[in-house]
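Topology and contacts: notes
Listed below, chain by chain, are the residues.
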Amino acid sequence: MDKMTLLPEEYEQILLIKRDLHMHPEVSKSEYRTTGVIREFLEKLPGVELLETGIPTGVLARIAGDGSGTEIALRADIDALSQTEQYESPWKSLNKGVMHACGHDFHTASLLGAALILTRMKAQGKLSNTVDLIFQPAEEGTTGAKALIDAGLFDRIHPRAIFGLHNWPSVDAGKIVLHEGALMSAKRNMTILIKGRGGHGSMPHLNVDPIVCAAAVIQALQTVVSRNTNPLDAVVLSIGRIEGGSPVNRVADQVEMNATIRSLSNDALKRGIERTEAIVSNTAAAYECEWEIIWEEFIPAVMNLPEMAEYAKTAAAAADPAGLTDAPPSLASEDFALYGRKVPSWFFWVGSRTGGEPVEELHRPRFHTDDRAMRQAAQLYAAAASLFVKN
Ligand code: NI
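These notes cover the structure that comes with them.

Thresholds, definitions, all that
Positions within a chain are numbered from 1, following the residues in the order the chain's sequence is written. Residue-level local features of this predicted model are given only where pLDDT is at least 70; pairs of side-chain atoms are given and counted only at 80 or more, and the full residue set underlies all totals for whole chains, interfaces and linings. Each side-chain value is derived from all of the structure's non-hydrogen atoms; neither hydrogens nor water enter the calculation. The aromatic pairing rule takes the rings of Phe, Tyr and Trp, using the six-membered ring of Trp, and pairs them if the centres are within 6.5 Å, calling planes under 30 degrees apart stacked, those over 60 edge-to-face and the rest tilted. The buried label applies to any residue whose accessible area, calculated with a 1.4 Å probe on protein chains only, is under 20% of its type's maximum; exposed applies above 50%, and partly exposed to all values in between. Lysine NZ or arginine CZ positioned within 6 Å of the ring centre and within 35 degrees of the ring normal marks a charge as sitting over the ring. By definition, two strands form a pair when at least two bridges between them are found by DSSP. A run of DSSP states H or I qualifies as a helix once it reaches four residues; a run of E qualifies as a strand once it reaches two. Both are numbered from the N-terminal end. The convention used is that axes are lines fitted to C-alpha atoms, helices contributing only their stretch in contact, and that angles between N-to-C directions extend from 0 to 180 degrees. Only heavy atoms matter for contacts: two residues are in contact if any of them lie within 4.5 Å across the pair. Should an angle lie under 35 degrees it is considered roughly parallel, over 145 roughly antiparallel, and from 65 to 115 roughly perpendicular; all remaining angles are considered oblique. Note on convention: the crossing is left-handed when the near helix lies turned anticlockwise from the far helix by less than a right angle, right-handed when the turn is clockwise. Gly falls in the polar group here, along with every residue not listed as nonpolar (Ala, Val, Leu, Ile, Met, Phe, Trp, Tyr, Cys, Pro) or charged (Asp, Glu, Lys, Arg). Two kinds of site are reported from a 1 Å grid over the protein atoms alone, namely cavities, where a 1.4 Å probe fits but cannot get out, and pockets, open sets with protein on both sides within 12 Å along at least five of seven lines, and residues are called lining when an atom falls within 4 Å of a point. Grid points are joined across faces, edges and corners, and a volume is the space filled by probe spheres set on the points. Where each domain begins and ends follows an automated or database-derived domain assignment.

What follows is about the packing of aromatic side chains. A ring pair, where both rings are aromatic, is described by two values, the distance of the centres and the angle of the planes. Counted under the stated rule, the structure contains seven aromatic pairs. Note on W346 and F348: the rings are 6.5 Å apart at their centroids and 55 degrees apart in plane angle, and the pair reads as tilted. Classification of W346 as buried rests on a relative accessible area of 1%. Among the aromatic residues, those joined into a cluster by ring pairs are F154, F336, Y339 and F347. Seen from the ring of W91, R19 lies directly overhead, with NZ or CZ sitting 3.7 Å from the centre.

In structure tokens:
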């Protein structure tokens, strides 16, 4: 494959978009302005067709190839987070309490950069593949991919493969991470309810105290990771919130907890979920409490399968032959994994730290990206869209 190049004037265009989106971040399912900015950019590009998404925010677009190739989908996410930006720059968030703390503005601008490269190729008669551009809303909270798929995404597009990427702040800008196998974690979030019978604190024999039961549940749940799952599968179970009771002299009626369980192995996660249910139900029974677990959607692990590795390597080499590297997997989750259940997929990380600076991780208030890395990201998207072409 020929080297993919984002021209300097094209880079300037996407840099303006990135900074505009950074100043106007929108949380999941509220990305109306962002959707408008993306649509407006694509509408001006000859050769881009906008398709329906079936949901209120996000954009789906197609660049038709010359018919000699296959169909490839590229995905970027577009939403921001409810947190306050502390990093000072001329492009600091103007939306109070909302921040692009995961760099989805970087991804969006990079995919628009790929659209510039691909439409330029099309104008030159060099675009074999048809390319589907997915600008997905609501990745934070991992509901957007499911919403798009449920709304008929794969009735509208029929890709041979799908590619996505995330900026990666622990890796220097200029590097592309190629990691085969589990890259990002399978996840299931839950709400655990422990229900007792409240009453006067001086009369324990007349009450059923859910706080004591909850304490036992929390202790026992620690054994899911330490005793029930293979340490090499990297399982985490964290209880992030516990709430129940009143200030004085009263035993609570109910305790509510929020927790997440994650693993790089889908099977280990399933085992962890079984053990969580067994521990909560049996501990509750032992303490004469009722219980309920409200499970959120199962998000599978992002798996970079071996059969896609050569293709991914070819694309990365065409984007930047000097920049290839590897990095350890992460227990963060990505709903990109849901597309991977429908079509062959590969997920890249693109280094986004300015060399020599301290790491500001994803979702931190001082998170920021080295925007020069959007060149690699745009070129990588465009190169992935040019795979599977027979010469
Ligand atoms: Ni993210």
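The next subject is the sheet that holds strand β12 (residues 254–263). Read from one edge of the open sheet, four strands run β10-β12-β8-β13, paired in antiparallel fashion. Of all strands in the sheet, those with a lone pairing partner are β10 (235–244) and β13 (290–295), marking the two edges. Within the sheet, the average angular offset between the axes of one strand and its neighbour, ignoring direction, is 20 degrees. Across the face of the sheet, helix α6 (residues 210–227) comes into contact with β8 (186–195), β10 and β12 while running at roughly 170 degrees to β10. Contacts from helix α7 (residues 266–286) reach β8, β10, β12 and β13, with the element oriented near 155 degrees to β13.

The subject of this paragraph is the sheet that holds strand β16 (residues 345–353). Across the sheet, eight strands lie side by side as β1-β2-β4-β3-β5-β16-β6-β15; this open sheet has mixed pairing. Looking at which strands have only one partner, the edges of the open sheet turn out to be β1 (48–51) and β15 (324–325). Examined bridge by bridge, strand β3 (residues 71–77) and strand β5 (residues 161–172) share four bridges and lie parallel to one another. Considered in β5, the bridge of I72 is made with A161. Contacts from helix α3 (residues 104–123) reach β1, β2 (59–63), β3, β4 (130–136), β5 and β16, with the element oriented near 150 degrees to β3. Packed on one face of the sheet, helix α8 (residues 306–319) meets β5, β6 (176–177), β15 and β16 and runs near 35 degrees to β16.

What follows concerns the packing of α3 against helix α10 (residues 374–385). Here α3 crosses α10 at 55 degrees, and the two axes come no closer than 8 Å. With respect to their mutual orientation, α3 and α10 come out oblique. Crossing handedness for the pair α3 and α10: right-handed. Across the interface between the two elements, F106, H107, A109, S110, L111, G113, A114, I117 and L118 from α3 touch M374, A377, A378, Q379, Y381, A382 and A385 from α10. Split into classes, the residues belonging to the contact of α3 with α10 amount to 12 nonpolar, four polar and no charged.

At T142, a residue that is not glycine, the phi angle is positive and equals roughly 50 degrees. Its place among the elements puts T142 in the loop between β4 and α4 (144–150). Exposure remark for T142: the relative accessible area of 9% places this residue in the buried category. Located in the positive-phi region is E288, a residue other than glycine, with phi close to 60 degrees. You can see E288 is positioned in the loop between α7 and β13.

It is worth spelling out the layout of surface pockets at this point. Of the volumes computed, that of the largest pocket is approximately 520 Å³. Every residue lining the largest pocket is counted, 21 residues in all, and those nearest its centre are M1, D2, M4, M121 and S386. At the level of elements, α3 and α8 are the ones that each hand at least two residues to the lining of the largest pocket. When residues in the lining of the largest pocket are grouped by element, the largest group, three residues, is from α3. Split into classes, the residues belonging to the lining of the largest pocket amount to 10 nonpolar, seven polar and four charged. For the second largest pocket, the lining is made up of 23 residues, of which E140, R262, A332, S333 and H363 are closest to its centre. Of all the secondary-structure elements, those providing two or more residues to the lining of the second largest pocket are β5, β8 and β12. By residue number, the principal contributor to the lining of the second largest pocket is β5, which donates three residues. In terms of residue class, the lining of the second largest pocket is built from eight nonpolar, nine polar and six charged. Composition of the lining of the second largest pocket by domain shows at least three residues from each of domain 1 (8–183 + 301–387) and domain 2 (186–295).

Everything listed is a geometric property; what it means functionally is a separate question.
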